[in-house]
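The residues making up each chain are set out below.
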Amino acid sequence: MTDEQLPGISNAGLDLDPARDEIANAFLRADPTGERMADVFRETFDLLYDGQHTGRYRWDQLMKTEKTHYGSMFEIILRRAFNDVIDDVPDDDSPLDYRVLGHDIDCKYSQNMNQWMLPPECFGHLLLVATSNDHRGIWSLGIVRASDENRREKGNRDKKTQLNPRGTSQIQWLFRDAQLPPNILLSLDTATIDRIFASRSGAARIRELCRLVTGRIIGRNTVATVAQQDDYMARIRDNGGARTTLRPEGYLIPGGDYEVHRAVARQLGQPVPRDGEIVSFQVVPAGPSDTMTVELDGRLWRAARAGEAITEPAPKLPATTN
């Protein structure tokens, strides 16, 4: 793949800029699907919400001063997550945030598209511009040069300015309106949220989460936000957690940390959780004509259909070694 052959994006209408294309290729080679970058945006939101200690899960629950920290946190998390792309350069060696393949580039985040603030030290340099919206579940990342032609002439009192219309048209988008890992609590209606958070007990809230949010991936941060306790994942496990207490109701709760659990979800046609994620659903004994079954506790089981009566406890998930 050459600098002119970026996967899934086009240089049509953009100024010739080999450094921009080299940096774009470096990120896309490391993360062709955008999954790693999406996790950076998700982690930044979740750290700001601090749901384990605050119970918050929405952008509008943050204070104005907290919202302003998103950009600096995003920059730090991105550097750590992409240390195979971003060079380890002393802070005093460059006025900009990153160096990639010998090219300096500044990282700019704005909650609103095309509203990045550009200080004088980045003028003429490449910018990694990012934006995201947790409510809409999307994020975007691109590269543009803060050249004279691409900037507004007038700045504010700090001499900061923004991209002009030409500049926004010159952004080389690596990903545009890509999907964020889901913040499942944002997708729930008020009545469901109220039911989940009604109890003062973290364990009870987790049980209600697993009852009400079925057949969908539930992330670790959602569990932390609902439990609001130390060792929040223990509220899921066997030996007293939701897997034990919801078994009589037919619930099976595979975790993405274990391949044997992922295999169960896959065989039953359920979403397959990744590390740190779970999925909750009810099961019933399978009949001879059923497909998509799994053998557990010496019997075949299938996922229960919507509204189907549960007459037997769910089986135990396969034992894990960790």
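Residues numbered from 1 in each chain as written. Predicted model: local features only at pLDDT ≥ 70, side-chain atom pairs only at ≥ 80, totals over all residues. Heavy atoms only, no water.

Undergrad: In this structure, what is going on with unusual backbone geometry? I would like to understand it.
TA: Comment: phi is negative for the bulk of residues other than glycine, and the bulk of peptide bonds are trans. Positive phi values are uncommon outside glycine, yet Gln228 reaches one of about 50 degrees. Secondary-structure assignment places Gln228 in the loop between helix 9 (220-227) and helix 10 (242-245). In this structure, Asp231 takes a positive phi of about 50 degrees despite not being glycine. Using a relative accessible area of 46% as the deciding quantity, one classes Asp231 as partly exposed. (Helix = DSSP H or I, 4+ residues; strand = E, 2+ residues; numbered from the N terminus. Buried < 20%, exposed > 50% of the residue type's maximum accessible area, 1.4 Å probe, protein only.)

Undergrad: Would you mind showing me how to read the confidence of the model for the protein chain here?
TA: A low pLDDT score tells you not to read the predicted coordinates there in detail. Confidence along the protein chain averages 92 in pLDDT terms, with 94% of residues attaining 70 or more. The low-confidence segment residues 1-5 (pLDDT under 50) makes 12 contacts with residues lying over four places distant or belonging to another chain. (pLDDT = per-residue confidence, 0-100. Contact = heavy atoms within 4.5 Å.)

Undergrad: Sorry, what's going on with the pattern of salt bridges here?
TA: In a structure, side chains of opposite charge can pair up when their charged atoms sit close to one another. Inspection of every chain in the model, using the stated rule, returns 28 salt bridges. For Arg166, the salt bridge is made with Asp15, and the minimal N-O distance between the two is 3.0 Å. A residue pair is termed long-range when its members are at least 10 positions apart, and Arg166 in helix 6 (residues 165-169) and Asp15 in the segment before helix 1 (18-30) qualify at 151 residues. With a shortest N-O distance of 3.0 Å, Arg151 and Asp148 are connected by a salt bridge. Looking at Arg151, the relative accessible area reads 13%, which means it is buried. Several salt bridges share partner residues, and in doing so they unite Glu35, Asp39, Arg274 and Glu277 into one network. (Salt bridge = Lys/Arg side-chain N within 4 Å of Asp/Glu carboxyl O.)

Undergrad: Help me understand the sheet that holds strand 7 (residues 251-252), please; the structure alone is not making it clear to me.
TA: The pairing of strands in a sheet comes from backbone hydrogen bonds and takes either a parallel or an antiparallel form. Spatially, 4 strands are ordered 7-9-11-10 in an open sheet, and the strand pairing comes out antiparallel. At either margin of the open sheet sits one strand with a lone partner, and together these are strand 7 and strand 10 (294-296). (Pairing = 2+ DSSP bridges.)

Undergrad: For this particular structure, what's the right way to read the packing of aromatic side chains?
TA: Geometrically, a pair of aromatic rings is defined through the distance of the ring centres and the angle of the planes. The tally for this structure, following the rule as stated, stands at 12 aromatic pairs. Between the aromatic rings of Phe45 and Tyr49, the centroid separation amounts to 6.1 Å while the plane-to-plane angle is 25 degrees, which identifies the pairing as stacked. Placement of both Phe45 and Tyr49 in helix 2 (residues 35-49) is noted, with a separation of 4 residues, approximately one turn of the helix. For the pair shown, Phe45 and Tyr49 are each scored as buried. Here Trp139 and Phe175 contribute two aromatic rings whose centre-to-centre distance is 5.3 Å and whose plane-to-plane angle is 50 degrees, an arrangement assigned as tilted. A residue pair is termed long-range when its members are at least 10 positions apart, and Trp139 in strand 4 (residues 138-145) and Phe175 in strand 5 (residues 172-179) qualify at 36 residues. (Phe/Tyr/Trp six-rings, centres within 6.5 Å; stacked < 30°, edge-to-face > 60°.)

Undergrad: Even after reading the chapter, I still don't get the nonpolar core, so can you show me in this structure?
TA: Side chains of nonpolar character tend, in soluble globular proteins, to be buried together. By size, the foremost hydrophobic cluster in this structure holds 37 residues, and its most contacted members are Phe27, Met37, Phe41, Phe74, Leu78 and Trp139. Elements represented by at least two residues in this core include exactly helix 1, helix 2, helix 5 (70-81), strand 1 (98-100), strand 2 (103-109), strand 3 (126-133), strand 4 and strand 5. Leaving out residues up to four positions away in the same chain, Phe74 has contacts with Met37, Val40, Phe41, Thr44, Tyr98, Cys107, Ala130 and Leu141. (Core = buried A, V, L, I, M, F, W, Y, C linked by side-chain atoms within 4.5 Å.)

Undergrad: Honestly, the packing of helix 8 (residues 202-212) against helix 9 in this entry has me stumped. Any pointers?
TA: Between two packed helices, what matters for the description is the angle formed by their axes and the separation of those axes. Where helix 8 meets helix 9, the axes come as close as 8 Å, and the angle between the chain directions of the two elements is 135 degrees. Classified by the interaxial angle, the pair formed by helix 8 and helix 9 is oblique. Contacts between helix 8 and helix 9 pair Gly202, Arg205, Ile206 and Leu209 from the former with Thr222, Val223, Val226 and Ala227 from the latter. Residues belonging to the contact of helix 8 with helix 9 are distributed by class as follows: 5 nonpolar, 2 polar and 1 charged. (Axes fitted to C-alpha atoms, helices over the stretch in contact; angles between N-to-C directions. Parallel < 35°, antiparallel > 145°, perpendicular 65-115°, else oblique. Nonpolar A, V, L, I, M, F, W, Y, C, P; charged D, E, K, R; others polar.)

Undergrad: Where do I start with the sheet that holds strand 4 in this structure?
TA: The sheet built from 5 strands is open, its strands ordered 1-2-3-4-5 with mixed pairing. Looking at strand neighbours, the two that pair on one side only are strand 1 and strand 5, the edges of this open sheet. Pairs of neighbouring strands in the sheet enclose a mean axial angle of 25 degrees, with direction left out of account. Of the pairings in the sheet, the one linking strand 3 to strand 4 comprises 8 bridges and is antiparallel in character. Bridge pairing links Ala130 to Leu141 in strand 4. Relative to the sheet, helix 5 contacts strand 1, strand 2, strand 3 and strand 4, its axis offset from that of strand 2 by approximately 140 degrees.

Undergrad: Sorry, what's going on with the pairing of strand 4 here?
TA: Both faces of the sheet carry side chains from a regular strand, because those side chains alternate between them. Counting buried positions along strand 4 gives 7 out of 8 residues, so the element sits mostly inside the fold. Where strand 3 hands over to strand 4, the hairpin turn is made up of 4 residues, of which Gly137 adopts a positive phi near 70 degrees. Examined bridge by bridge, strand 4 and strand 5 share 5 bridges and lie antiparallel to one another. Within strand 5, the residue paired with Ile143 across the bridge is Gln172.

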